[in-house]
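These are the residues of each chain, in order.
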Amino acid sequence: MMHPEKLIKRGLLLFIFCQFLFLANAQQILTLDKALDVALTNSPDIRRSLLNLERSEQSLKAQNAALKSKFSLSVTPLSYNKSRAFDDFYSLWNTNETTQSFGTFTVSQPFLPTDGTISLINRFGWQKNLSEYRNNVETKSFSNNLYLSITQPLFTYNRTKINLKELELDLENAQLSYAMQRLNLEKQVTQFFYNVYLAQMKLSVTQDEFVNTQKSYEITQNKVSAGIAAKEELYQAELNFATAKSNVQNAQVSLDNYKDQFKQYIGMNILDEIAVMTDVNFAPVVVDVAKAIDHGLNSRMELRQREIDIESSQFTLIQTKGLNEFKGDLSLSVGIIGENETLTDIYKNPTNNPRVSVSFNVPIFDWGEKKARIKAQEAVIATQELTFEEQKKTITVDIRSVYRNLQNQVSQIEIAAQNEKNAQLTYEINLERYANGDLTSMDLNLYQNQLSTKKMTYAQALIDYKIQLLNLKIQSLYDFEKNEPIIPDNIIQKKK
């Protein structure tokens, strides 16, 4: 028959195993790639960027649709008017009664090259008229007015073209912003992810520290019970044990807080239980700083955005120069009018109705308003051009800085790895000394803290290297790990 203590131990192991399975099933394990996929779907920042992109796309789509032919029909099924007026020529009062029914069909086509409009208009109607002048004789007739109309602005800029170009630039800017938001999302998700990973690491280290402290506490208890150690040693061991237990609780709270921040950013349910998993093994990446700078200057989307700002400001300057300008308008129409009591004979005796109108707006004096506004806008353009040049310098400086940090981080990783190894060996040696009575529990606790610190320093150094590598990828828009550019194809085509 099995000993009761063995049964208890086996039962405890079974319980622990079941708890582990329960936690594994309850928690969702996230890798960095999976977290990025979740964020790209659920992140509020990405969703806002997508909505802005959709707004720009639909605005441009609407403007392009506005350049096509427009068909419209207005119908007045019934119009009745009865009026009485005094005629000065005949010195008589006249009562006039009119009943009408008419409709107008219009086809209008904007002409983009000249900003003009060509329209084909047909107005068909029926009218009944009763007047005292004609001894209350009632007349009825059908009428149809068909004409072609052209309106053309003169001596001014093409407003439709500029509006269309502004919307195209706005869409390109929205595409750039979305691509940049995705890169920023990758950076932020990676940072949050590694915050959780470090917090998990910290919890694991503090748990190991707690186990080691518990062992030293048990050793001290045995020594004090055997009378080979002073009771003060036990007091210090109890304090170390309580501190280690508190450190585990603090690490757990910190981990939970980092998890909530991470889930909020990527758009997950805050109540979902997660754990992160990643490989932080050190794999040095060869980086060509000259290539990084060159690719960054040729591909960075911020530079294209600055160029878009300059182009938009140039359009604003054109519009500013259009204030109080000398301009004209040309209106031309030609068509025929038919009228008859019989519908089939409506064009039996048609009447031509050509019309031409030319008008000009001539500014006289504006007290220098136009000149001042033009100078103000030219200052805006000069400022944006200066910003563009400074942005190029900033990109170069940032890439060089990240490259130096990356190289330095390699040395820091090597040092941190050696320090962790030395701290582990030192702790094991001093743990044996403590067991032999050659070391106090306070001294052992110092070596334990040193080991925990070196482990976290090494983990932090590895993560810092990966963060700097990601930062270089974002700054240069080139992935040196895969040796390929990361700029989206549609943005490259836009830049070309």
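Keep in mind the model is a prediction, meaning the values are calculated, not measured.

Asks: What am I meant to see in the packing of helix α6 (residues 289–299) against helix α8 (residues 369–435) here?
Replies: Between two packed helices, what matters for the description is the angle formed by their axes and the separation of those axes. Relative to each other, α6 and α8 sit at 150 degrees, their axes nearing to 10 Å. As summarised for this structure, α6 and α8 are arranged roughly antiparallel, according to the angle between their axes. Relative to α8, the crossing made by α6 is right-handed. Facing V289, A292, I293, G296 and L297 of α6, the residues of α8 in contact are K392, I395, T396, I399, R400 and Y403. Of the residues that constitute the contact of α6 with α8, the class distribution is seven nonpolar, two polar and two charged.

Asks: Please clarify how helix α3 (residues 44–66) should be interpreted in this entry.
Replies: Since the α-helix packs 3.6 residues into each turn, any two residues three or four apart lie on the same face. Compared with the 33 Å implied by 1.5 Å per residue over 23 residues, the 33 Å span of α3 between its first and last C-alpha is a close match. When α3 is considered as a whole, its buried residues turn out to be I46, S49, L53, S56, L60 and Q63. Of the surrounding secondary structure, the elements contacted by the buried residues of α3 are α2 (32–42) and α4 (159–226).

Asks: Is there a simple way to explain the side chain of K263 in this structure?
Replies: Within the fold, K263 resides in helix α5 (residues 231–266). With a relative accessible area of 4%, K263 lands in the buried category. A distance of 2.6 Å separates a polar side-chain atom of K263 from the backbone oxygen of I270. At 2.6 Å, the side chain of K263 and the backbone oxygen of D272 are in polar contact. Apart from the residues lying within four places of it in its own chain, the contact partners of K263 are M268, N269, I270, L271, D272 and I274.

Asks: Would you explain unusual backbone geometry in this entry?
Replies: Excluding glycine, a negative phi dihedral is what most residues carry, and trans is how most peptide bonds are arranged. Phi at F155 takes a positive value of approximately 55 degrees, unusual for a residue other than glycine. Considering the arrangement of structural elements, one finds F155 in the loop between β5 (137–154) and α4. Residue F155 is classed as exposed on the basis of its relative accessible area of 54%. The phi angle at N324 is positive, at roughly 50 degrees, despite the residue not being glycine. With respect to the element layout, N324 can be found in the loop between α7 (301–321) and β7 (327–340).

Asks: Help me understand the pairing of strand β4 (residues 116–131), please; the structure alone is not making it clear to me.
Replies: As judged from the 16 bridges shared by strand β3 (residues 92–111) and β4, these two strands associate in the antiparallel manner. Across the sheet, E97 pairs through a bridge with L130, a residue of β4. Connecting β3 to the next strand, β4, in antiparallel fashion are four residues, including D115 with a positive phi near 65 degrees. In this sheet, β5 lies alongside β4 in antiparallel orientation, the contact comprising 15 bridges. What sits directly across from F124, in β5, is N144.

Asks: Whenever I open this one, the nonpolar core confuses me. Can you help?
Replies: A general tendency of soluble globular proteins is for nonpolar side chains to be buried together. Counting 61 residues, the largest nonpolar core has V189, Y194, F262, I266 and L472 as its most contacted members. With 16 residues, α4 is the single largest residue contributor to this core. If near-sequence neighbours (up to four positions away) are discounted, Y194 is found in contact with L32, T278, V280, I463, K466 and I467. Among the nonpolar cores identified, the runner-up in size contains 10 residues, and I162, A179, M301 and F315 belong to it.

Asks: Can you walk me through the pattern of salt bridges in this structure?
Replies: Where charged atoms from two side chains of opposite charge come close, those side chains can pair. The tally for this structure, following the rule as stated, stands at 12 salt bridges. Among the salt bridges present, the one from E172 reaches R304, with a minimum N-O distance of 2.7 Å. Taken together, the residues span a long stretch of sequence, with E172 in helix α4 and R304 in helix α7 at a distance of 132 residues. Overall, E172 belongs to the buried group, its relative accessible area being 6%. Judged by its relative accessible area of 10%, R304 falls in the buried class. Two residues, K393 and E390, come together in a salt bridge whose shortest N-O distance is 3.4 Å. In this pair, K393 and E390 both sit in helix α8, three residues apart, roughly one turn of the helix. A single network of salt bridges, built from pairs that share partners, joins E172, R304, E307 and E311.

Calculation rules
Residues numbered from 1 in each chain as written. Predicted model: local features only at pLDDT ≥ 70, side-chain atom pairs only at ≥ 80, totals over all residues. Heavy atoms only, no water. Axes fitted to C-alpha atoms, helices over the stretch in contact; angles between N-to-C directions. Helix = DSSP H or I, 4+ residues; strand = E, 2+ residues; numbered from the N terminus. Parallel < 35°, antiparallel > 145°, perpendicular 65-115°, else oblique. Left-handed = near helix turned anticlockwise from the far one by under 90°. Contact = heavy atoms within 4.5 Å. Nonpolar A, V, L, I, M, F, W, Y, C, P; charged D, E, K, R; others polar. Expected span 1.5 Å × (residues − 1). Buried < 20%, exposed > 50% of the residue type's maximum accessible area, 1.4 Å probe, protein only. Polar contact = N/O pair within 3.5 Å; in protein donor to acceptor, adjacent residues only side chain to side chain. Pairing = 2+ DSSP bridges. Core = buried A, V, L, I, M, F, W, Y, C linked by side-chain atoms within 4.5 Å. Salt bridge = Lys/Arg side-chain N within 4 Å of Asp/Glu carboxyl O.

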